[in-house]
Amino acid sequence: MTSRTEDRLRLGVNVDHVATVRNARGGVHPDPVRAALLAAEAGADGITAHLREDRRHISDADIEALMRDLTVPLNLEMAATAEMLAIALKHKPHAVCLVPEKRQERTTEGGLDAAGGHHHLTPFVRKLSDAGIRVSLFIEADPRQLDAARSMGAPVVELHTGSYCDAAGAARGALLKRIQDAAAYAHKIGLECHAGHGLSYDTVGPVAAIPTMAELNIGHFLVGEAIFTGFAASIRRMRAAMDTARSS
Ligand code: PXP
């Protein structure tokens, strides 16, 4: 990080669940690309979209349209499969976040086993990086996973905040400490650190306050809040919560 602008904690807005609502009726409304453009106007620094193997929310056409229409960077979340690699290499988004994917899960449960999956994942990191795509690995806040990410040449890790967000009381405090320690360790070994999953107005502050955190990716809560306050307002309030936490 070299400039003030880069020191600002970035907000990536995930538009998957705009597509979930659209797909519930099988039509074209609401359009995740329109939501992404609105998010950028409301202060999102980037847009995140997960092209799942079963295409349950974002579609191939959405990725094509996001690549065509967005003026902010696209972070494509994907499983480490040959099909997804070909799609990423075709579109060359700004970033790819490699995530574990199980067909039966409701959402991304747990992080990638970067340590155990080293042989499988390394060629993906290399091929994506060779194409100029910034690769991150979605992992648990565990030094073993961070070491594995670094050893396979990924410049970025995204720490899974799901269990921290789901926990309460002392358990949440302990999980926050793991995230804080992992973010410090990531910085020490030269990895850029992102975080995401399950973040809300109630849980974002302590994660945003971590000084070496560079980016948060947030989706489901913002799309849910949009029902009550509008998408732009939910993003602005999240942005303000992040800025307040970061400056205090
Ligand atoms: N980061 C990653 C890697 C994810 O897989 C997801 C969920 O798609 C998110 C962030 C956003 O999580 P949420 O929708 O719960 O805010």
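Our structure is the block above this text.
Computed from a prediction, not measured in an experiment: that's the story for all the values here.

Quick look at the overall build of the chain
Broken down by element type, the chain carries 12 helices and 8 strands. Reported as C-alpha extents along the three principal axes, the dimensions of the chain are approximately 45 × 40 × 40 Å. Residue burial in the chain is summarised as follows: out of 248 residues, 50% are buried. Restricting to contacts in the chain with at least 6 residues of sequence separation, those with at least 24 account for 67%. Counting only carbon and sulfur atoms, one obtains 54% of the accessible surface of the chain, whose full area is about 11,500 Å².

Concerning the sheet that holds strand E8 (residues 213–218)
Two orientations exist for strands paired in a sheet by backbone hydrogen bonds: parallel and antiparallel. Spatial ordering of the closed barrel is given by E1-E2-E3-E4-E5-E6-E7-E8, a layout of 8 strands whose pairing is parallel. The mean inter-strand angle of the sheet, taken between neighbouring strand axes irrespective of direction, is 25°. Bridge count for strand E7 (residues 192–196) against E8 is 4 bridges, and the pairing is parallel. Its bridge partner being in E8, Cys193 is matched across the sheet by Met213.

Some details on unusual backbone geometry
Glycine aside, residues mostly have negative phi angles, and peptide bonds mostly take the trans form. In this chain, His29 is followed by Pro30 through a cis amide linkage whose omega measures 0°. For Lys92, which is not glycine, the phi dihedral falls at a positive 50°. With respect to the helices and strands, the residue Lys92 is situated in the loop between helix H5 (82–91) and strand E4 (95–98). Unlike most non-glycine residues, His197 shows phi in positive territory, near 110°. Turning to its location among the elements, His197 is positioned in the loop between E7 and helix H10 (201–208).

Quick look at the site of the ligand
In the vicinity of the ligand, 15 residues are found, and the nearest of them are Glu77, Glu158, Gly198, Gly219 and His220. For the ligand, an oxygen atom lies 3.1 Å from a polar atom in the side chain of Glu77. A distance of 2.8 Å is found between an oxygen atom of the ligand and a backbone nitrogen or oxygen belonging to Gly198. When isolated, the ligand has an accessible area of 400 Å², and the protein chains bury 95% of it. For the shell around the ligand, the per-class residue count stands at 4 nonpolar, 8 polar and 3 charged.

Concerning the packing of aromatic side chains
With the rule as written, the count across this model stands at 1 aromatic pair. Considering the side-chain rings of Tyr201 and Phe221, the 4.7 Å spacing of their centres and the 80° angle between planes classify their relative orientation as edge-to-face. Here Tyr201 is found in helix H10, whereas its partner Phe221 is found in helix H11 (residues 220–229), with 20 residues between them in sequence. Judged by its relative accessible area of 23%, Phe221 falls in the partly exposed class. Over the ring of Tyr164 we find Arg172, and its NZ or CZ is 5.7 Å from the ring centre.

Calculation rules
- Residues numbered from 1 in each chain as written.
- Predicted model: local features only at pLDDT ≥ 70, side-chain atom pairs only at ≥ 80, totals over all residues.
- Heavy atoms only, no water.
- Helix = DSSP H or I, 4+ residues; strand = E, 2+ residues; numbered from the N terminus.
- Buried < 20%, exposed > 50% of the residue type's maximum accessible area, 1.4 Å probe, protein only.
- Contact = heavy atoms within 4.5 Å.
- Areas by Shrake-Rupley, 256 points an atom, 1.4 Å probe, with all protein chains shown as cover.
- Pairing = 2+ DSSP bridges.
- Axes fitted to C-alpha atoms, helices over the stretch in contact; angles between N-to-C directions.
- Near = heavy atom within 4 Å.
- Polar contact = N/O pair within 3.5 Å; in protein donor to acceptor, adjacent residues only side chain to side chain.
- Nonpolar A, V, L, I, M, F, W, Y, C, P; charged D, E, K, R; others polar.
- Phe/Tyr/Trp six-rings, centres within 6.5 Å; stacked < 30°, edge-to-face > 60°.
- Lys NZ or Arg CZ within 6 Å of the ring centre and 35° of its normal.

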